[in-house]
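These are the residues of each chain, in order.
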Amino acid sequence: MTSSARTPSDDGGDRPWQSYHTAYTNAKAGMEGVDKEKVQRVIYEMSKGSKYFENEQKKEAITKLKIEHLRAQCAKLTDNDISHFQKVAEKKIIELEASRDLSKIWLHTDMDAFYAAVETLENPSLKGKPLAVGSMSMIATASYEARKFGVRAAMPGFIGCKLCPDLVFVRPNFERYTHYSELARKVFQRYDPNFFATSLDEAYLDITEVCIERGITGEEVASELRGAVHQETGLTCSAGVAPNRMIAKVCSDINKPNGQFILPNDRNAVTTFVSTLPIRKIGGIGKVTEQMLHQVLGISTCQEMLQKAAFLCALFSEGSTDFFLSVGLGLGGTETPEHRLRKSMSCERTFSATDDSSLLFEKLDNLTENLADDMQKECLKGRTLTLKLKTAAFEVRTRAATAQNYISSKEDILIYAKKLLKAELPLSLRLMGLRMSHFHGEKDDSTSPTQKTLDRFFHSSENNSNTNGTNGASSVDASGGNNYCNDATTNDDQQAVFSHNENLSVPDGTSSINHDNEPASSNMKVTQTERFDESASCKASASSSKPDEHFWRDGYICSLCGFELPLCFEEERQEHSDFHLAELLQKEDAVDSTLHLSKERLAERPCSTTPTPSKKKLKSSKEGKHIPIDSFFLKCNKKV
């Protein structure tokens, strides 16, 4: 095992920080000349002994086990195996190549150090100074002046001060950022009315029609758009133009800040471009996947994906292999994603760890007000409220409750939010979030894959009776490889946090607890979610053979309905997870209503002097509005 695969505590060398990699030790635009080893050393020395450090060690240990397992699988491959998988790989490559579409021109635009740039625009005295938007707990964005010292987004502020003693802090103002984002989006609509934004400062535009109608090139559109954005907002942005979205995003980062890069719609140009491209530059390949590919197969560049195609087919699932080979060929999405109705709305905040209950309830009150305001602006009412908590030990918990009626006011939301939080106290927290889903007006489609999956969920006892109880084990694909979820990449203002969320979402505060990377309980419904937000991005780390567990298989395929959402669609992925959660709770309502109705019918029947041993007394609805999921499965299993 190489030193880079060891956890910090395992490294007995003189420079243990060299093996300590976090979300904020990776270089970003504007950090090219930074002394990386110095930054790693400072982060290591200021982190060791902390709860965060311990959590990172746990994650690194799990990654190490994955790598060792894949190495063992690789060592078992015979020459005949490799020859077989080489043929499989060649066939896949031919099929993927046939799908190449060079007819579209995609533009990805990314505002430069957006939050920091907005603050500098509003306060010119900050110009030229190393600036961080955030607090001592967490930095949301760092200006390019600050990045020269190694300061970056998702880094704790106290570490940023150690790297740059003159660092200036400004508190975030999201109303201001939203205003400037809307100004920029008005410009985007001129070039693509159907553009889609992935955050306040990023967007994808299909400029194919504009180029054809006006007889101009993608390069001219990019220059014109960037100029228009600067004129409307006073801010600069960078752009990338390419035949597909995956490469366009990579291109937009090449000449930051205030620059652009154009990749022609030519196959040779695309393949040449990706041949030497580091795999970590690709959205969907994060720290863990990068380590596995590099330490097991020696893959560092996209071209090496194709060179090691046979081993990828042998060791990884079909979905993962197709993704890796597509990356090697420079293939990406070319069609505009269909617009979907909003499935959830959320807000969350990171703060200094505290166990002061009065302060926590005050923060909950503020979050509730923000969520209620956002919902009322869009005339939304929901039933399922989810409380997200991150403890001082970086343990992530989510709790959910379902209201009897659709609600949107602060007062109504706060009633349920307080109940959920009160059930968890006393507890020291560093992050709190609220999410509302199950909105009024959502329609059930009995023909959709989701509905079919829910039907399978409530008949899962039949499947469970045929299983061997291997819950929590990694699932193995047909090739004998392990089907691990890919980890998430870090975006401009985000931090990668490796979390394994176990949610038993039932009303009245009844819920489950999760600890990062702990195996799933065999008696509990597990919902694994991946989230990208202002302060954190989450990764589902464990896979399971149970059909009712929700996670992102191969990093982008929903385990419940098969819907595909790449990692770059962070908000859509969270909404999709919320949709399944809402459906689950709605189904619980239906089950409870059925049981209650059955009891009423039984009560109407004449009393019988002969007891019926096969009939069981139903639980009174007064004992709880819902039957816990684990109890439901136990009852189903007994019937089987």
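Above this text you will find the structure in question.
Residues numbered from 1 in each chain as written. Predicted model: local features only at pLDDT ≥ 70, side-chain atom pairs only at ≥ 80, totals over all residues. Heavy atoms only, no water.

Sorry if this is basic, but what is going on with the overall build of the protein chain here?
Within the protein chain, the regular secondary structure consists of 21 helices and 16 strands. Within the protein chain, the proportion of its 640 residues that are buried is 54%. For the protein chain, contacts bridging at least 24 residues in sequence account for 69% of all contacts bridging at least 6. Split by element, the accessible area of the protein chain, about 28600 Å² in all, is 50% carbon and sulfur. (Helix = DSSP H or I, 4+ residues; strand = E, 2+ residues; numbered from the N terminus. Buried < 20%, exposed > 50% of the residue type's maximum accessible area, 1.4 Å probe, protein only. Contact = heavy atoms within 4.5 Å. Areas by Shrake-Rupley, 256 points an atom, 1.4 Å probe, with all protein chains shown as cover.)

Whenever I open this one, the packing of aromatic side chains confuses me. Can you help?
How two aromatic rings sit relative to each other is set out by the distance from centre to centre and by the angle between their planes. A complete count under the given rule lists 11 aromatic pairs for this structure. Ring centres of Tyr115 and Phe174 lie 5.8 Å apart, and the angle between their planes is 90°; this geometry places the pair in the edge-to-face category. One end of the pair, Tyr115, is in helix 4 (residues 114-122); the other, Phe174, is in helix 7 (residues 174-191), with 59 residues separating them in the sequence. No difference in accessibility class separates Tyr115 from Phe174, as the two residues are buried. Centre to centre, the rings of Phe316 and Phe324 are 5.4 Å apart; their planes meet at 85°, and the pair counts as edge-to-face. Phe324 carries the same exposure label as Phe316, and that label is buried. Its end group placed over the ring of Tyr144, Arg147 keeps NZ or CZ at 4.5 Å from the ring centre. Taking NZ or CZ as reference, Arg383 lies 6.0 Å from the ring centre of Tyr406, over its face. (Phe/Tyr/Trp six-rings, centres within 6.5 Å; stacked < 30°, edge-to-face > 60°. Lys NZ or Arg CZ within 6 Å of the ring centre and 35° of its normal.)

Which parts of the structure should I look at to understand the nonpolar core?
One recurring pattern in soluble globular proteins is that nonpolar side chains are buried together. Among the nonpolar cores identified, the biggest contains 45 residues, and Ile247, Phe273, Ile282, Leu293, Met305 and Leu312 are the most heavily contacted of them. Of all the elements in the fold, those that place two or more residues in this core are helix 2 (51-75), helix 3 (79-98), helix 10 (245-252), helix 11 (267-275), helix 12 (287-297), helix 13 (302-307), helix 14 (309-315) and helix 15 (318-329). Apart from the residues lying within four places of it in its own chain, the contact partners of Phe273 are Ile247, Val250, Cys251, Ile254, Phe261 and Leu263. Core analysis: the second largest hydrophobic core is formed by 38 residues, Tyr115, Leu131, Leu205 and Val241 among them. (Core = buried A, V, L, I, M, F, W, Y, C linked by side-chain atoms within 4.5 Å.)

I tried to follow the sheet that holds strand 2 (residues 131-134) on my own but got confused; where do I start?
Adjacent strands of a sheet form backbone hydrogen bonds with each other and so pair up, either parallel or antiparallel. Judged by pairing direction, the sheet is mixed, and its 3 strands sit side by side in the order 3-2-4 without closing on themselves. On the outer flanks of this sheet lie strand 3 (139-142) and strand 4 (168-170), each paired with one strand and no other. On average, each strand axis in the sheet is inclined to that of its neighbour by 30°, with strand direction left out of account. Pairing of strand 2 with strand 4, which is carried by 3 bridges, proceeds in the parallel orientation. What sits directly across from Val133, in strand 4, is Val170. Taken strand by strand, helix 4 contacts strand 2, strand 3 and strand 4, and its axis lies near 110° from that of strand 2. (Pairing = 2+ DSSP bridges. Axes fitted to C-alpha atoms, helices over the stretch in contact; angles between N-to-C directions.)

How should the pattern of salt bridges be read in this particular structure?
Side-chain pairing between opposite charges can occur once the charged atoms of the two side chains come close. The full count for this structure, using the stated rule, is 20 salt bridges. A salt bridge links Arg100 to Glu97; the nearest nitrogen and oxygen atoms lie 2.8 Å apart. On the accessibility criterion, Arg100 (15% relative accessible area) is buried. On the basis of relative accessible area, Glu97 is assigned to the partly exposed category, the value being 22%. When the shortest N-O distance is used, the salt bridge between Glu424 and Arg399 registers 2.8 Å. Pair noted here: Glu424 is in the loop between helix 17 (410-422) and strand 12 (429-439) and Arg399 is in strand 11 (residues 396-407), with a separation of 25 residues, a long-range link. Judged by its relative accessible area of 2%, Arg399 is buried. Within the structure, one salt-bridge network assembled from shared partners comprises Glu395, Arg397, Arg399 and Glu424. (Salt bridge = Lys/Arg side-chain N within 4 Å of Asp/Glu carboxyl O.)

Help me out: how do you make sense of the packing of helix 16 (residues 357-377) against helix 17 in this one?
When two helices pack together, their arrangement is given by the angle between the helix axes and the distance between those axes. Two numbers describe how helix 16 lies on helix 17: the axes approach to 9 Å, and their chain directions differ by 140°. Considering their axes alone, helix 16 and helix 17 lie oblique with respect to each other. Considering the relative orientation of helix 16 and helix 17, their crossing is right-handed. Taking contact as the criterion, the partners of Leu360, Phe361, Leu364, Asp365, Thr368, Glu369, Leu371, Ala372, Met375 and Gln376 in helix 16 are, on helix 17, Lys410, Ile413, Leu414, Ala417, Lys418, Leu421 and Lys422. Its residues assigned to classes, the contact of helix 16 with helix 17 shows 10 nonpolar, 2 polar and 5 charged. (Parallel < 35°, antiparallel > 145°, perpendicular 65-115°, else oblique. Left-handed = near helix turned anticlockwise from the far one by under 90°. Nonpolar A, V, L, I, M, F, W, Y, C, P; charged D, E, K, R; others polar.)

Explain helix 3 to me, please; I cannot follow it from the model alone.
Three or four residues apart is the spacing at which side chains of an α-helix point the same way, because the helix has 3.6 residues per turn. The terminal C-alpha atoms of helix 3, which comprises 20 residues, lie 29 Å apart, in line with the 28 Å expected from a rise of 1.5 Å per residue. When we look at burial in helix 3, the residues that qualify are Phe85, Ala89, Lys92 and Leu96. Angularly, the buried residues of helix 3 cover 65° about the axis, an arc narrow enough to put them on a single face. More than 90 degrees from the buried face of helix 3, the exposed residues found are Asp79, Asn80, Lys87, Lys91, Ile94 and Ala98. On the buried face of helix 3, the contacting elements are helix 14 and helix 15. (Expected span 1.5 Å × (residues − 1). Arc of directions from axis to C-beta.)

Whenever I open this one, the side chain of Thr391 confuses me. Can you help?
As for its placement among the helices and strands, Thr391 is situated in strand 10 (residues 382-391). Other than its neighbours up to four places away in sequence, Thr391 contacts Arg397, Leu427, Ser428, Leu429 and Arg430.

I'm lost on the pairing of strand 7 (residues 237-242) in this one. Help?
Each regular strand carries side chains that alternate between the two faces of the sheet. With respect to burial, strand 7 is a largely interior element, 6 of its 6 residues being buried. The two faces of strand 7 match: Cys237, Ala239 and Val241 on one face and Ser238, Gly240 and Ala242 on the other face are all buried. Pairing between strand 1 (residues 106-111) and strand 7: 6 bridges, direction antiparallel. Residue pairing across strands places His108 opposite Gly240, the latter belonging to strand 7. Alignment of strand 7 against strand 8 (residues 260-262), held across 3 bridges, turns out to be parallel. By the bridge assignment for strand 8, Ala239 is matched with Gln260. After leaving strand 7, the chain enters helix 10 and then returns to the sheet as strand 8, a path that is left-handed. (Right-handed = clockwise from strand over helix to strand, strands pointing away.)

All quantities given are derived from atomic positions and should not be read as evidence of function.
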